[in-house]
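Summary of the model geometry
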Amino acid sequence: MDQDLYDEFGNYIGPDLESDDEDDQSIYGQNEQQEEMDDEAIEEDEVEADDEKRSRAIVLHEDKRYYPTALEVYGQDVETIVQEEDAQPLDKPLIEPVKKVKFQLKEQELPETSYNMEFLADLMDTPPLIRNVALVGHLHHGKTTFVDCLVRQTHPQFQVMEERNLRYTDTLFTEQERGVSIKATPITLVLPDVRQKSYLMNIFDTPGHVNYSDEVTAALRICDGVVLFVDAAEGVMLNTERLLKHAIQEKMALTICINKHNLAYSHEGF
């Protein structure tokens, strides 16, 4: 019987023994599987322990990450600019567009300035086309001379009367003798704009001396706008600053006229 179970070399050739298979499986298979399961369980326990520690750990507000960083979103090739809150006004963008300033010089013919008295009388019946303007500035900054230029421009027939400066707004003998305006004198002219639209201009030539500043104040109250004259040679004087502040307080439309350029160039030696 035993000879049928073994061959001539002593090897077992009989039927498979279940007990032997179980022993072999327990020796070679179950032990290894058990060890692998034990290792995985240990690793899972360690991971769970680490997660519990992390969840219980106190994280400061500045260390928390609510959103991905700009480097993670856009990559390394994109330059990102981060600005703190309230460090820049809302009306100004973080990245301003590049603006190229272009200058364009246009030359056009001056409008026709001469008119007849009938046209002036018709404009007086149209209040929307009437403007009251006060010429203010320091003493001898060219206000009265500017009015004389406007009169010559609008009335060419007056140029051949006399060569000297008549000073049309200096009606008093004292003003003509001293060459200083004392009273605020109005003069009415028809002046067109660059679109050939004519307006009736009531121009007030005001005195520039400080002692007659009440005349300037009275003229400003009835005018729509102010033309502030500044001598290019003398510059901004004390009375010029006072008149500028007064016009701003009255909330009037303001135009700056820089006068006497030729004198300024002659003083500089050009």
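Below you will find a few notes about this structure. (Residues numbered from 1 in each chain as written. Predicted model: local features only at pLDDT ≥ 70, side-chain atom pairs only at ≥ 80, totals over all residues. Heavy atoms only, no water.)

Some details on the sheet that holds strand β1 (residues 130–137)
Across a sheet, strands are paired by hydrogen bonds formed along the backbone, either parallel or antiparallel in direction. The strand order across the open sheet built from five strands is β2-β3-β1-β4-β5, with neighbouring strands paired in mixed fashion. The two strands at the open ends of the sheet, each matched to only one other strand, are β2 (185–192) and β5 (253–259). Averaged over all pairs of adjacent strands, the angle between strand axes in this sheet comes to 30 degrees, irrespective of strand direction. Inspection of the sheet shows β1 paired to strand β4 (residues 225–231) by five bridges, in the parallel sense. Within the sheet, the bridge partner assigned to Leu 135 lies in β4 and is Val 227. On the sheet, helix α5 (residues 143–154) packs against β1, β2, β3 (198–205) and β4 and is oriented at approximately 45 degrees with respect to β2. (Pairing = 2+ DSSP bridges. Helix = DSSP H or I, 4+ residues; strand = E, 2+ residues; numbered from the N terminus. Axes fitted to C-alpha atoms, helices over the stretch in contact; angles between N-to-C directions. Contact = heavy atoms within 4.5 Å.)

Details of the pattern of salt bridges
One side chain can pair with another of opposite charge once the charged atoms of both are near each other. Following the criterion strictly, the structure yields four salt bridges and no others. The partner of Lys 183 in a salt bridge is Glu 215, with the nearest N and O atoms 3.5 Å apart. Here Glu 215 lies in helix α7 (residues 213–221) and Lys 183 lies in the loop between α6 (173–178) and β2, a separation of 32 residues in the sequence. Judged by its relative accessible area of 42%, Lys 183 is partly exposed. With a closest N to O distance of 3.2 Å, Glu 250 and Arg 221 form a salt bridge. Residue Glu 250 is located in the loop between α8 (238–249) and β5, and its partner Arg 221 is located in helix α7; the two are separated by 29 residues in the primary sequence. Arg 221 gets classed as exposed once you look at its relative accessible area, which sits at 59%. (Salt bridge = Lys/Arg side-chain N within 4 Å of Asp/Glu carboxyl O. Buried < 20%, exposed > 50% of the residue type's maximum accessible area, 1.4 Å probe, protein only.)

Quick word on a nonpolar patch on the surface
Side chains of Leu 244, Ile 248, Leu 254, Ile 256 and Ile 258 sit close together on the surface and give an oily, nonpolar patch of about 420 Å² of accessible area. Elements that contribute at least two residues to the nonpolar patch include exactly α8 and β5. Sorting elements by how many residues they give to the nonpolar patch places β5 first, with three residues. With a relative accessible area of 54%, Ile 248 lands in the exposed category. (Patch = residues over 30% accessible without salt bridge, like charges linked within 9 Å, V, L, I, M, F, W, Y side chains within 5 Å. Areas by Shrake-Rupley, 256 points an atom, 1.4 Å probe, with all protein chains shown as cover.)

Interpretation in functional terms is not warranted from these geometric data alone.
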